[in-house]
Number of protein chains: 2
Amino acid sequence: MMYCQSCRVYRSGVVCNDCYEKAGETVEKLKREIEEHKAKIAFLRFWSPLDHRHQPSYTDLVLLAEDGASGSAVPIPAHKAVLVNRSPVFKAMLENEMEEKRSGTVKISDASYDALCAFINYMYTGEVCLEEKMACELLELAEKYEVKHLKAYCEKFLVSKLNWDNSIMSYVFAYQHNAKHLLRAALSLITDNMSNFTRRDEYMELVEKEPRLVVEIYEVYLSKQVNAAAQESFLSMSH
Amino acid sequence: MMYCQSCRVYRSGVVCNDCYEKAGETVEKLKREIEEHKAKIAFLRFWSPLDHRHQPSYTDLVLLAEDGASGSAVPIPAHKAVLVNRSPVFKAMLENEMEEKRSGTVKISDASYDALCAFINYMYTGEVCLEEKMACELLELAEKYEVKHLKAYCEKFLVSKLNWDNSIMSYVFAYQHNAKHLLRAALSLITDNMSNFTRRDEYMELVEKEPRLVVEIYEVYLSKQVNAAAQESFLSMSH
């Protein structure tokens, strides 16, 4: 047992101060680097055209949300240069001779006005405040317009919110929108509770509507079983 | 003497593994944060209109370097929205009814074409490859157009390049362009070598051209002397 010079408690394992201080110096170095990155982000960030502290200037495009209820939707002014820089889809849409280029209006279908506002804000600022519904809507927009950074951000958020209740919904959503991390996380949660899974009403619905997805779940479950069995027999042999 | 579990050498001071590992975990956490910042910077960064891999699209302004030899200067296309976001001076210039707004041309005086290119690149990408001459030219532009982030970056670079040979030149430059960190660093280097300083030809030139700056150096030198003396007498008393 040794006296820890850092936390002042008696401990078994020990390391020398030099190594400990080196680690501390690394932490300081990294913190300085983070401050530099933050300053650069603040420099590169744009004012959103929806930020009322700054009148949007030199916008050359308007976006319209078309979610059916879009009668009330207000056109959102934007800069082609920003959209083209952030999204290969907008780039193709606006640089080729398409209707959007001529009209200077881009209709965003299947998106609520709020989601479109959050999407545009993100294109300018790289920032968004998420809750689950918004994360799903934004992930769809990010996938549609190939804004990888936003899609990854939403997916990470949804993985952090994953639980038994939303696991099936999340699995289906991840499958539909090719969100691999969310899919993997949801699958492992479901296949760890197969007997409960099959008792859920959503299970029956899924068998009805998307049997292929149910099959995939069973396939993953099966391979888990096989691996576990193989492991077991290996262990029993090694004893 | 203890055996360091980290570097495997016998040492005196010791810390417990737990504290050491905590430090290690902090390092990992910070490294992940840095990766996230880097991804965000990559997302927010623009293609420079001078980047030949991407045709500049929707530019609504041209910049012209006017360094006297600017007969050869090529107009640089740019986006008002970018310049206005990065520089309060461009914002005022382009949003008020000034000649630049009408003409869509901004003449940048006292700037070489290369410096202007680097300046514009920085406005879009937040990146620049510096050497001393360029750092000085860019610091001047950054000061003139109030691009704080670039000015700080150039100043930091110049401080890192400070030495006895360029100390006087750096001091004068820092004074002229209100670069406080560089000024402080140059002053302390000079006032630590006053006798050598007064023997330099640049000293005579400075007395000729900018006596006020020489006075400031002597004032700083004097206050150093006074403090040192005070310290000494304090120490002698305390013995």
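Report follows, based on the coordinates.

Cut-offs applied
Residues numbered from 1 in each chain as written. Chains lettered and ligands numbered in written order. Predicted model: local features only at pLDDT ≥ 70, side-chain atom pairs only at ≥ 80, totals over all residues. Heavy atoms only, no water. Contact = heavy atoms within 4.5 Å. Buried area = accessible area lost by both parts, 1.4 Å probe. Salt bridge = Lys/Arg side-chain N within 4 Å of Asp/Glu carboxyl O. Polar contact = N/O pair within 3.5 Å; in protein donor to acceptor, adjacent residues only side chain to side chain. Pairing = 2+ DSSP bridges. Helix = DSSP H or I, 4+ residues; strand = E, 2+ residues; numbered from the N terminus. Axes fitted to C-alpha atoms, helices over the stretch in contact; angles between N-to-C directions. Phe/Tyr/Trp six-rings, centres within 6.5 Å; stacked < 30°, edge-to-face > 60°. Buried < 20%, exposed > 50% of the residue type's maximum accessible area, 1.4 Å probe, protein only. Least-squares fit on C-alpha atoms with pLDDT ≥ 70 in both. Parallel < 35°, antiparallel > 145°, perpendicular 65-115°, else oblique. Nonpolar A, V, L, I, M, F, W, Y, C, P; charged D, E, K, R; others polar. Lys, Arg positive; Asp, Glu negative; His and termini not counted. Expected span 1.5 Å × (residues − 1).

Re the interface of chain A and chain B
Right, on to step 1. Of the residues lining the interface, 55 residues belong to chain A; the matching set on chain B comes to 55 residues.
Right, on to step 2. Summing both sides of the interface, chain A and chain B together bury roughly 5200 Å²; the carbon and sulfur share of this comes to 70%.
Right, on to step 3. The three residues of chain A that bury the most area against chain B are A:Val15, A:Phe43 and A:Tyr58, which together make up 15% of that side's buried surface.
Right, on to step 4. Run the count over chain A and chain B and you get four salt bridges.
Right, on to step 5. A salt bridge links A:Lys156 to B:Glu36; the shortest N-O distance between them is 2.4 Å.
Right, on to step 6. Counting across the chain A and chain B interface gives 14 residue pairs in polar contact (both at pLDDT 80 or more).

Structural notes on the sheet that holds strand S6 (residues 105-109) of chain B
All names here are of chain B.
Right, on to step 1. The three strands are arranged S5-S4-S6 in an open sheet whose pairing can be described as mixed. The sheet is open, and its two edges are formed by strand S5 (76-78) and S6, each paired on a single side. When the angles between neighbouring strand axes are averaged without regard to direction, this sheet yields 30°.
Right, on to step 2. Where strand S4 (residues 61-66) and S6 come together, five bridges link them in parallel fashion. Counted as the bridge partner of Leu63 is Val106 from S6.

Side note on the packing of aromatic side chains
Right, on to step 1. This structure, assessed with the given rule, holds 17 aromatic pairs over all chains.
Right, on to step 2. Taken together, a centroid distance of 4.6 Å and an interplanar angle of 10° make the contact between B:Phe90 and B:Tyr145 stacked. One end of the pair, B:Phe90, is in helix H3 (residues 88-95); the other, B:Tyr145, is in the loop between helix H6 (132-144) and helix H7 (148-160), and 55 residues separate them in sequence.
Right, on to step 3. Of the residues examined, B:Phe90 reaches a relative accessible area of 0% and is grouped as buried.
Right, on to step 4. In this structure an aromatic cluster arises from ring pairing among A:Phe46, A:Tyr124, B:Phe46 and B:Tyr124.

With respect to the relation of the copies chain A and chain B
Taken together, a rotation about one axis and a shift along it account for how the two chain copies relate.
Right, on to step 1. You can overlay chain A on chain B at an RMSD of 0.2 Å; the transform is a turn of 180° with a shift of 0.1 Å along its axis. In symmetry terms, the pair is related by a two-fold rotation axis.
Right, on to step 2. By residue overlap, the copies meet face to face through one surface: 100% of the interface positions of chain A are interface positions in chain B.

Here's the deal with the packing of helix H8 (residues 167-176) of chain A against helix H12 (residues 211-238) of chain A
Residue and element names in this part refer to chain A.
Right, on to step 1. One way to put it is that H8 packs onto H12 with a least axis distance of 11 Å and a crossing angle of 105°. Relative to H12, the element H8 lies roughly perpendicular. Between H8 and H12, the contacting residues are Tyr171, Val172 and Tyr175 on the first element and Arg212, Leu213, Glu216 and Ile217 on the second.
Right, on to step 2. A class-by-class count of the residues in the contact of H8 with H12 yields five nonpolar, no polar and two charged.

Quick notes on the sheet that holds strand S6 (residues 105-109) of chain A
Across a sheet, paired strands are connected by hydrogen bonds in the backbone, their directions being either parallel or antiparallel.
Residue and element names in this part refer to chain A.
Right, on to step 1. An order of S5-S4-S6 is seen for the three strands of this open sheet, with the pairing classed as mixed. A single partner strand is all that each edge strand has here, and the edge strands are strand S5 (76-78) and S6. Neighbouring strand axes in the sheet, compared pairwise and without regard to direction, differ in orientation by 30° on average.
Right, on to step 2. Two elements, strand S4 (residues 61-66) and S5, share three bridges in a ladder whose sense is antiparallel. Following the sheet pairing, Leu61 is matched in S5 by Ala78.
Right, on to step 3. The strands touched by helix H3 (residues 88-95) within the sheet are S4 and S6, with S6 carrying the most contacts at an inclination of about 140°.

Structural notes on helix H8 (residues 167-176) of chain B
Residues spaced three or four apart along an α-helix face the same direction, because each turn holds 3.6 residues.
Right, on to step 1. Within H8(B), seven of the ten residues are buried, leaving the element largely enclosed by the surrounding structure.
Right, on to step 2. Taken together, the buried positions of H8(B) are occupied by B:Ser167, B:Ile168, B:Ser170, B:Tyr171, B:Val172, B:Phe173 and B:Ala174.

Regarding the side chain of A:Glu137
Right, on to step 1. Counting through the fold element by element, A:Glu137 comes out in helix H6 (residues 132-144).
Right, on to step 2. Within polar-contact distance, the side chain of A:Glu137 engages the side chain of A:Lys133 at 2.9 Å.

Remarks on the side chain of A:Lys151
All names here are of chain A.
Right, on to step 1. By the secondary structure assignment, Lys151 is in helix H7 (residues 148-160).
Right, on to step 2. Of the side chains bearing the opposite charge, Glu143 lies closest to the buried Lys151, which forms no salt bridge; the N-O distance is 4.2 Å.
Right, on to step 3. At a separation of 3.1 Å, a polar atom in the side chain of Lys151 contacts the main-chain carbonyl oxygen of Asn178.
Right, on to step 4. What Lys151 contacts, discounting residues up to four positions off in sequence, is Leu139, Ala142, Glu143, His177 and Asn178.

A word on H7(A)
Right, on to step 1. Helix length check: H7(A), at 13 residues, gives a terminal C-alpha distance of 18 Å against a target of 18 Å (1.5 Å per residue), a fit within 8%.
Right, on to step 2. By the burial criterion, the buried members of H7(A) are A:His149, A:Leu150, A:Lys151, A:Cys154, A:Glu155, A:Phe157 and A:Leu158.
Right, on to step 3. Tucked inside the fold, the buried residues of H7(A) contact helix H5 (113-125), H6, H8 and helix H9 (180-191) of chain A together with helix H1 (17-44) of chain B.

Looking at the environment of B:Ile120
All names here are of chain B.
Right, on to step 1. Looking at the secondary structure, you find Ile120 in helix H5 (residues 113-125).
Right, on to step 2. For Ile120, a relative accessible area of 0% puts it in the buried group.
Right, on to step 3. Sequence spacing of Ile120 and Ser48 is 72 residues, and the spatial spacing of their C-alpha atoms is 7.4 Å.
Right, on to step 4. With near-sequence residues (within four places) excluded, Ile120 lies in contact with Pro49, Leu50, Leu63, Ile76 and Leu83.

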